[in-house]
Structure formats: structure tokens, C-alpha cells
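Secondary and tertiary structure notes
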Amino acid sequence: GEDVEQSLFLSVREGDSSVINCTYTDSSSTYLYWYKQEPGAGLQLLTYIFSNMDMKQDQRLTVLLNKKDKHLSLRIADTQTGDSAIYFCAERSSNSGYALNFGKGTSLLVTP
Amino acid sequence: DTEVTQTPKHLVMGMTNKKSLKCEQHMGHRAMYWYKQKAKKPPELMFVYSYEKLSINESVPSRFSPECPNSSLLNLHLHALQPEDSALYLCASSQEGHVLEVYGYTFGSGTRLTVV
């Protein structure tokens, strides 16, 4: 499938904002998602954005989409230690039979 | 019911064993998926079923055999697996063809498989 790229690690102090970035290549992507996965657990859908939107806010989470540059970001405000996890960006398009194509994941470490 | 249920949650099997993973949903979704996830890696698509027919096989070895007996059930039959097949196996379902139905894409909590 098409590539979805993410930086692998991010470390922030508790209370700061975290920004996790993602780039994708499939121009037919319709939805872009952010999933959270804690150690030993399954995938938790955090938020999503439709490809005709450029921003979506949901409580502490803000998603920005630059469709021209195929760049997606997730901002977590007031990051807490419970936010420490792996965050996966994923795209969904008709090219992949509507399956999700995941990035490699960003490990977020929040320190006190 | 808005869940995808996977059983068992954990499975340990020998390399000569035959076992099956099960996935069930009652949301009326017509597409079902198997993903494999190794530790600290992203999920990788294995199979896609659309209206109970296999539509995508991502070059998965034949020791993994999917089956979709009806629109609510998806199985993954395992035979002669290798230790490197140990992973978390995730099932998902979605509204086939309805890419606007974002909430129609649902993951199960997975089966953690260990091959010894």
C-alpha cells in the first residue's frame, strides 16, 4: 500500500503540549485517523478527520490536515502521564479496499 | 451491539497444532478484516472479506486460512505455525463501500497468539 510516515519517538513534560506528525502519500485517502495503543492493549480510536476538513478539535485533541502537503498532525494539550502510549496515524481509501493503512507509530513518553 | 468480539483473548499453541481464531460482529457490517500486529509495530493487513467473499489476501502464507461462514462471523484457521507468527491478531469490521461511515470501522481487542 501507500506509505504513511511518522516520527518514532516523542518525549514531553507533563502539562506541556504534544504534537505528533504524520505524512501520507495516497491522494485518494478519504478519512485519516489517530489511534492510541497502550502496552498490551488493543487499538483505541482517538479521533479522525475527513479529507475535506482542515481542522478538528475534540477536547484536548486538535487534528490539523494539510491536504496539499499530505500532512496530518495531532496536538494533545496539557499532556498527562496517562497519555504515554504509541500513537498510530492511519488512512483509509478505496485503493486499499477500505482497509486501514497504518503508519509505524510514534511512542509518546510523558515525564512528570 | 457496537462491538467486535474476538475469542480467545490469549492462545498458546505448538508448531504442529491446529487452532482457530474467531471474530463476531452484529452491527450489519459487510466488510471484515484480519490484521497482524507484532510488538511495537503497526497492524498489518492480512485479509479482507467483502460480502462474505475474500477480496484481498496480502500474500499471507497458506498456514493461515481465513473463513467467513456468514456475514457476522470471521475465522482464522491456523496450522503448522512458526514461532515468528507469534503476534496480536486483530479483527475489524466496517460498512463496506461506505467510506463516509467513519464510526462504522471497529476493531476487536485482539487475540494474543504465542507459538512455541
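Our subject in this report is the structure included herewith. Everything numeric here is computed off the predicted structure, so don't read it as measured data. (Residues numbered from 1 in each chain as written. Chains lettered and ligands numbered in written order. Predicted model: local features only at pLDDT ≥ 70, side-chain atom pairs only at ≥ 80, totals over all residues. Heavy atoms only, no water.)

Observations regarding the overall build of chain A
The number of helices and strands found in chain A is 0 helices and 11 strands. Traced from its N-terminal end to its C-terminal end, chain A shows the element sequence β-β-β-β-β-β-β-β-β-β-β. Oriented by its inertia axes, the alpha-carbon framework of chain A measures out at about 40 × 30 × 20 Å. Relative to its 112 residues, chain A shows a buried fraction of 48%. Put simply, chain A has 10 plus and 13 minus side-chain charges, and the middle of one group is 2 Å from the middle of the other. (Helix = DSSP H or I, 4+ residues; strand = E, 2+ residues; numbered from the N terminus. Buried < 20%, exposed > 50% of the residue type's maximum accessible area, 1.4 Å probe, protein only. Lys, Arg positive; Asp, Glu negative; His and termini not counted. Charge placed at Lys NZ, Arg CZ, Asp CG, Glu CD.)

Concerning the sheet that holds strand E8 (residues 71-76) of chain A
Residue and element names in this part refer to chain A. Read from one edge to the other, the open sheet built from 5 strands follows the order E1-E3-E8-E7-E6, with strand pairing classed as antiparallel. Looking at strand neighbours, the two that pair on one side only are strand E1 (4-6) and strand E6 (55-58), the edges of this open sheet. Adjacent strand axes in the sheet meet at a mean angle of 15 degrees when their direction is disregarded. Pairing analysis gives 3 bridges linking E1 to strand E3 (residues 18-24), with the strands arranged antiparallel. (Pairing = 2+ DSSP bridges. Axes fitted to C-alpha atoms, helices over the stretch in contact; angles between N-to-C directions.)

Describing the state of the cysteines
Counted under the stated rule, the structure contains 2 disulfides over all chains. Sulfur-sulfur distance for the disulfide between Cys22 of chain A and Cys89 of chain A comes to 2.0 Å. One disulfide, between Cys22 of chain A and Cys89 of chain A, carries an S-S torsion of -65 degrees and so falls in the left-handed class. Residue Cys22 of chain A is found in strand E3, and its partner Cys89 of chain A is found in strand E9 (residues 85-93); the two are separated by 67 residues along the sequence. For the pair shown, Cys22 of chain A and Cys89 of chain A are each scored as buried. Each disulfide pairs two cysteine sulfurs, and for Cys23 of chain B the partner residue is Cys91 of chain B, the sulfurs being separated by 1.9 Å. Across the disulfide from Cys23 of chain B to Cys91 of chain B, rotation about the S-S bond amounts to roughly -70 degrees, and the bridge is consequently left-handed. Here Cys23 of chain B is found in strand E3 (residues 18-25), whereas its partner Cys91 of chain B is found in strand E9 (residues 87-94), with 68 residues between them in sequence. A relative accessible area of 1% places Cys23 of chain B in the buried class. (Disulfide = S-S within 2.5 Å.)

These figures come from the coordinates and say nothing about function on their own.
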